[in-house]
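# Residue-level structure breakdown
Take a look at the letters that make up each chain.
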Amino acid sequence: MPIHDERHARLHLLLGDDGLENLKNATVMVLGLGGVGSACAEALARGGVGNLIILDRDTVEASNINRQLIAFTSTIGRVKAEVMAEKIHDINPAASVIAQQVFLTADNVPAVLDELPRPDYVLDCIDTVSQKLAVAHWCASNGIPLLSSMGAANRLDPTQLKFANLRKTTVCQLSKVMRLECNKRRIKGVEVLFSTEIPQRPGHGTTKAETLGSMSYMPPIMGMMIAGKVIRRLCGLEPMPRPPRLFRSREEALALECS
């Protein structure tokens, strides 16, 4: 059996020809290649997704090594998108990968994403609210399914991770902020992966480095869960969701939410 068949032999047992073909032809955009995004992109590549668009602004730092699948002593200082692209091609040389080092902002999201091939799915693995909101708005405007990762920092228990509509989330502070801001922008129907765990409160500092701890397993598990959900949908094992939606008035949003 050729090596390219061997790569997906175990997948074929579960997905068959049609499922693998659907994944091979699918295009998935992963925004952010930190602990969640790097694990997500790797799982998609190993899972047979044939076309990946990966964006991240950063280079690898030593502090990333505890949780990011592209972070090693040998990759410190390298562009994350380039390291991830190499990793994907090492997994599947036939994969099509568009990798860019780009800083997404609330203002440039449409300009940057409009220039890229239209994805079948967008996976938001960013940790900044303004960027996440801009991505949600872009997906809603373009009718593209979106799955957004919420906060993993200061959490220890992966069994408390759940998929839900953003408006049905609890406990998670990032989800609360996103929910309020999406309501202001009249964005509805955003699906997220969030944690119901009450976060730890380490340290007494004020900076991100002093207050936001990360376990080695939590962000990668979130990335794997997101990839798994999307793979199941793309290959037809689960129905594809409706994309996020924009409402023209608060009255319309309220009426549809209550229906």
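The text that follows walks through the structure, step by step, so that each part is easy to find. As the structure is a prediction and not an experimental result, all values here were calculated from the model.

Reading the values: rules and limits
- Residues numbered from 1 in each chain as written.
- Predicted model: local features only at pLDDT ≥ 70, side-chain atom pairs only at ≥ 80, totals over all residues.
- Heavy atoms only, no water.
- Salt bridge = Lys/Arg side-chain N within 4 Å of Asp/Glu carboxyl O.
- Helix = DSSP H or I, 4+ residues; strand = E, 2+ residues; numbered from the N terminus.
- Buried < 20%, exposed > 50% of the residue type's maximum accessible area, 1.4 Å probe, protein only.
- Polar contact = N/O pair within 3.5 Å; in protein donor to acceptor, adjacent residues only side chain to side chain.
- Axes fitted to C-alpha atoms, helices over the stretch in contact; angles between N-to-C directions.
- Parallel < 35°, antiparallel > 145°, perpendicular 65-115°, else oblique.
- Left-handed = near helix turned anticlockwise from the far one by under 90°.
- Contact = heavy atoms within 4.5 Å.
- Phe/Tyr/Trp six-rings, centres within 6.5 Å; stacked < 30°, edge-to-face > 60°.
- Lys NZ or Arg CZ within 6 Å of the ring centre and 35° of its normal.
- Core = buried A, V, L, I, M, F, W, Y, C linked by side-chain atoms within 4.5 Å.

## Focus on the pattern of salt bridges
The full count for this structure, using the stated rule, is 11 salt bridges. Here glutamate 42 and arginine 46 are joined by a salt bridge, their closest N and O atoms 3.0 Å apart. You can see glutamate 42 and its partner arginine 46 sitting in helix α3 (residues 35-46), 4 residues apart, about one turn around the helix. Judged by relative accessible area, which is 9%, glutamate 42 ranks as buried. When its relative accessible area of 49% is taken as the criterion, arginine 46 is described as partly exposed. Taking the shortest distance from any N to any O, the salt bridge between arginine 185 and glutamate 181 comes out at 2.6 Å. Exposure remark for glutamate 181: the relative accessible area of 18% places this residue in the buried category.

## What about the side chain of serine 38?
Inspection of the secondary structure puts serine 38 in helix α3. Serine 38 sits in the buried class, given a relative accessible area of 0%. From its side chain, serine 38 meets the backbone oxygen of glycine 34 in a polar contact 2.6 Å long.

## Structural notes on the packing of α3 against helix α4 (residues 80-91)
For the pair α3 and α4, interaxial distance at closest approach is 9 Å and the crossing angle is 20 degrees. Taken together, the axes of α3 and α4 are roughly parallel relative to one another. Classified by chirality, the crossing of α4 by α3 is right-handed. Counted together, Ser38, Ala41, Glu42, Ala45 and Arg46 of α3 and Met84, Lys87, Ile88 and Ile91 of α4 form the full contact between these two elements.

## Some words on the packing of helix α6 (residues 129-142) against helix α7 (residues 173-184)
The contact between α6 and α7 brings their axes to 11 Å, and the two run at 50 degrees. On the basis of their axis angle, the class for α6 and α7 is oblique. Here α6 runs over α7; the crossing is right-handed. Every residue of α7 that contacts α6 at Val129, Lys132 and Leu133 is listed here: Leu174, Val177, Met178, Glu181 and Cys182.

## Topic: the packing of aromatic side chains
Inspection of every chain in the model, using the stated rule, returns 0 aromatic pairs. It is lysine 229 that lies over the ring of phenylalanine 163; its NZ or CZ is 4.9 Å from the centre.

## Some points on the nonpolar core
Of all hydrophobic cores here, the largest spans 41 residues; its most connected members are Val28, Val30, Leu33, Leu44, Ile54, Ile88 and Leu123. Secondary-structure elements contributing two or more residues to this core are α2 (9-25), β1 (27-31), α3, β2 (51-56), α4, β4 (121-124) and α9 (218-234). In terms of residue count, the dominant contributor to this core is α9 (7 residues). In contact with leucine 44, not counting residues within four places along its chain, are Val28, Val30, Val49, Leu52, Leu123, Ala227 and Ile231. Counting residues in hydrophobic clusters, the runner-up holds 31 residues, among them Met29, Leu104, Leu116 and Val122.

## With respect to the environment of phenylalanine 163
In this structure, phenylalanine 163 sits in strand β6 (residues 161-165). Once residues lying within four places of it in the same chain are set aside, the contact partners of phenylalanine 163 are Leu147, Glu191, Val192, Leu193, Met225, Ile226 and Lys229.

## Regarding the side chain of serine 175
Looking at the secondary structure, you find serine 175 in helix α7. Here serine 175 is in contact with Met150, Leu166, Thr169 and Phe194, once residues within four sequence places are set aside.

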